[in-house]
Amino acid sequence: MFDPKRYGPWAVIAGGSEGVGAAFADQLADAGLNLVLIARKPGPLEQTAAAARARGAEVRTVAVDLTDPAAVAEIVAATEDVEVGLLIYNAGANSYGSEFVLGELDRFRAVVDLNITAQLALVHHFGARMRAAGRGGLLLVGSMSGFLGGYHQTVYAGVKAFGRLFAESLWLELREHGVDVLELVLGVTRTPAMERAGLNFDVPGMRVSEPADVAREGLDHLADGPLWIAGGNAEAVARRNGLDRAPLLLKSHERMRALFAARDLPAGQKG
C-alpha cells in the first residue's frame with residue numbers, strides 16, 4: 001500500500017490536468033501530499049488544482065508545454081524551495097500519429113521530446129535529490145504500445161519501449177538508495193485524451209480501465225518495481241513478447257483498426 005510518509009511532503013505530476021493525472025492528484029491529496037501539477041492547458045490544470053485544494057492539499061501549477069526546451073527550467077524554479085518525494089511522469093501521449101516516411105519529422109521529434117527528452121531531464125533533477133535524501137519515488141507511466149510495434153505508432157511505440165527499459169535500469173541504480181522506481185504500464189483507459197483520439201470503447205471483449213483504478217494500482221505498487229501492468233493486462237502483455245513477430249503485429253493491427261473505427265487504417269498485408 002502507498003505510504004505517504006515515504007514519498008512526501010510534495011509530489012510533482014507531469015501531465016496532471018485530466019484523466020489518469022487528475023486521478024493521481026485526487027488520491028495524493030487525499031493521502032496528505034502537497035502537489036505541483038504540470039500541464040499544457042491552464043484551464044483543466046486549474047480545475048484539477050482546485051479539486052486537490054478542496055481536499056486539503058497545497059497546490060502549485062506550472063502551465064508549460066513539455067516539448068519546449070524552457071519548460072524544465074520553469075519547473076525546477078517552481079519547486080526549488082520544496083522537498084519533492086515523488087515524481088509522476090504521466091505526460092507521454094502519442095501527440096502525432098502518421099505513417100513515418102510520409103509524416104512531418106519535426107512532429108515526430110515532438111513525440112520524442114515529450115516522452116523522452118523532458119522525462120529524462122525531470123527524472124535526472126528530482127531523482128538526484130531523492131538519492132541524496134535516501135528516499136522517494138519515481139513513477140513513470142508507460143503503455144502496452146511499448147511491447148509491440150503498431151501502424152502509425154512507429155515513434156510512439158519506440159519511445160514507450162525506451163521508457164520501459166529506462167525505468168528498469170533506474171530501478172537497478174536507485175533501489176539501494178531508498179528510491180523506488182516503477183513503470184506503470186497502461187492498456188486501454190477511459191481518458192479524455194483517448195476519447196479525443198476517437199477510441200471506440202465499446203468493441204466486444206475490450207478490457208477498459210478507469211483512471212482512478214489505474215492510478216490507485218500505481219500508487220499501491222510503487223514499491224514493487226520495476227514494472228506493474230495495470231488493469232489486468234499482464235497476460236495480454238506477455239503474449240506481445242513472443243518471438244514470431246509478424247503474426248503478433250498483424251493480429252494487433254486488426255485489433256487497433258476496430259478500436260479506432262473512425263480512422264482510415266489499412267488492413268494488414270500478409271507476406
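Not measured: the values here are computed from a predicted model. Residue indices follow the written sequence of each chain, beginning from 1 at its first position. Since the coordinates come from a predicted model, pLDDT governs what is reported: local features require at least 70, and pairs of side-chain atoms require 80 or more to be given and counted, while whole-chain, interface and lining totals use all residues. Side-chain descriptors were evaluated using all non-hydrogen atoms of the structure, hydrogens and water having been removed beforehand.

Draft legend 1. Up close: the sheet that holds strand β1 (residues 10–14). Spatial strand order, β3-β2-β1-β4-β5-β6-β7: 7 strands in an open sheet with parallel pairing. At either margin of the open sheet sits one strand with a lone partner, and together these are β3 (59–63) and β7 (227–229). Adjacent strand axes in the sheet meet at a mean angle of 15°, parallel and antiparallel pairs treated alike. Any two strands between which DSSP finds at least two bridges are classified as paired. Numbering of helices and strands runs from the N terminus, with a helix taken as a DSSP run of H or I at least four residues long and a strand as a DSSP run of E at least two residues long. When strand β2 (residues 34–39) meets β3, the two strands line up parallel, connected through 5 bridges. In the sheet register, V36 faces β3, and the bridge partner there is R60. The strands touched by helix α4 (residues 71–79) are β1, β2, β3 and β4 (84–89); relative to β3, the strand with the most contacts, the crossing angle is about 165°. When checking whether two residues touch, look at their non-hydrogen atoms; a contact exists if any pair is within 4.5 Å. Fitting a line to C-alpha atoms yields each axis, with helices limited to the stretch in contact; the angle taken between N-to-C directions then spans 0 to 180 degrees. The strands touched by helix α8 (residues 211–220) are β4, β5 (136–143), β6 (179–186) and β7; relative to β6, the strand with the most contacts, the crossing angle is about 155°.

Draft legend 2. Representation of the environment of N90. Relative to the helices and strands, N90 is located in the loop between β4 and α5 (105–133). Between the C-alpha atom of N90 and that of V141, which follows or precedes it by 51 residues, the distance is 5.2 Å. Residues contacting N90, with those up to four places away along its chain left out, are A14, G15, V20, G21 and V141. A distance of 2.9 Å separates a polar atom in the side chain of N90 from the backbone oxygen of G15. Two N or O atoms form a polar contact when they lie within 3.5 Å of each other; inside protein one atom must be a possible hydrogen donor and the other a possible acceptor, and for residues adjacent in sequence the pair counts only when both atoms belong to side chains.

Draft legend 3. Seen up close, the packing of helix α2 (residues 19–30) against α8. Two numbers describe how α2 lies on α8: the axes approach to 8 Å, and their chain directions differ by 60°. By the angle class used here, α2 and α8 are oblique. Regarding α2 and α8, the two cross each other, and that crossing is right-handed. On α8, the residues touching G19, V20, A23, F24, Q27 and L28 of α2 are P211, A212, V214, A215, R216 and L219. In this scheme, roughly parallel covers angles under 35 degrees and roughly antiparallel covers those over 145, while 65 to 115 is roughly perpendicular and the rest are oblique. By convention the crossing between two helices is left-handed if the near helix lies anticlockwise of the far one by an angle smaller than a right angle, and right-handed if it lies clockwise.

Draft legend 4. Main features of the packing of α2 against helix α3 (residues 42–54). The geometry of α2 relative to α3 is characterised by a closest axis approach of 9 Å and an angle of 15° between their N-to-C directions. With respect to their mutual orientation, α2 and α3 come out roughly parallel. Along this stretch, α2 crosses α3, giving a crossing that reads as right-handed. Between α2 and α3, the residues in contact are A22, A25, D26 and A29 and T48, A51 and A52, respectively. Across the contact of α2 with α3, the residue classes tally to 5 nonpolar, 1 polar and 1 charged. Classes in brief: Ala, Val, Leu, Ile, Met, Phe, Trp, Tyr, Cys and Pro nonpolar; Asp, Glu, Lys and Arg charged; the others, Gly included, polar.

Draft legend 5. Focus on the environment of V208. Among the structural elements, V208 can be located in the loop between α7 (192–196) and α8. Put simply, V208 and G232 are 24 residues apart on the chain and 9.7 Å apart in space, counted from C-alpha to C-alpha. If we skip the residues at most four places from it in the chain, V208 touches V188, R190 and F201.

Draft legend 6. Broad picture of the side chain of K160. Within the fold, K160 resides in helix α6 (residues 154–174). Residue burial is assigned from relative accessible area. The probe radius is 1.4 Å, only protein chains are included, and a residue is buried under 20% of its type maximum, exposed over 50%, and partly exposed in between. Charge assignment in this entry is limited to Lys and Arg as positive and Asp and Glu as negative, and neither His nor the chain termini are counted. The term salt bridge refers to a side-chain nitrogen of Lys or Arg lying within 4 Å of a carboxyl oxygen of Asp or Glu. Despite its burial, K160 pairs with no opposite charge; the closest candidate is E183, at 6.3 Å N-O. Dropping the residues within four chain positions of it, K160 is found in contact with G92, N115, V141, G142, S143, S145, G146 and E183.

Draft legend 7. Summary view of a nonpolar patch on the surface. Residues enter patches when they are more than 30% accessible in relative terms and free of salt bridges; like-charged ones are connected within 9 Å and nonpolar ones (Val, Leu, Ile, Met, Phe, Trp, Tyr) within 5 Å. The method behind every accessible area is Shrake-Rupley, applied with a 1.4 Å probe, and residues are considered shielded solely by the protein chains displayed. Nonpolar side chains collect at one region of the surface, where F100, V101, L102 and L105 lie side by side and expose about 430 Å² of accessible area between them. Examined against the element boundaries, L105 turns out to sit in helix α5. L105 gets classed as partly exposed once you look at its relative accessible area, which sits at 45%.

Draft legend 8. Seen up close, α6. End to end, α6 covers 31 Å across 21 residues, agreeing with the expected 30 Å (1.5 Å per residue, within 8%). All of the buried residues along α6 are V155, Y156, A157, V159, K160, G163, R164, F166, A167, L170 and L174. Where α6 is buried, its residues meet α5, β5, β6 and β7. Helix span, expected: 1.5 Å multiplied by one less than the number of residues in the helix.

Draft legend 9. The arrangement of the side chain of S143 in detail. Among the secondary structure elements, S143 is positioned in strand β5. With a relative accessible area of 11%, S143 lands in the buried category. Here the side chain of S143 touches S145 through a polar contact of 2.9 Å, landing on its backbone nitrogen. What S143 contacts, discounting residues up to four positions off in sequence, is Y156, K160, V185 and L186.

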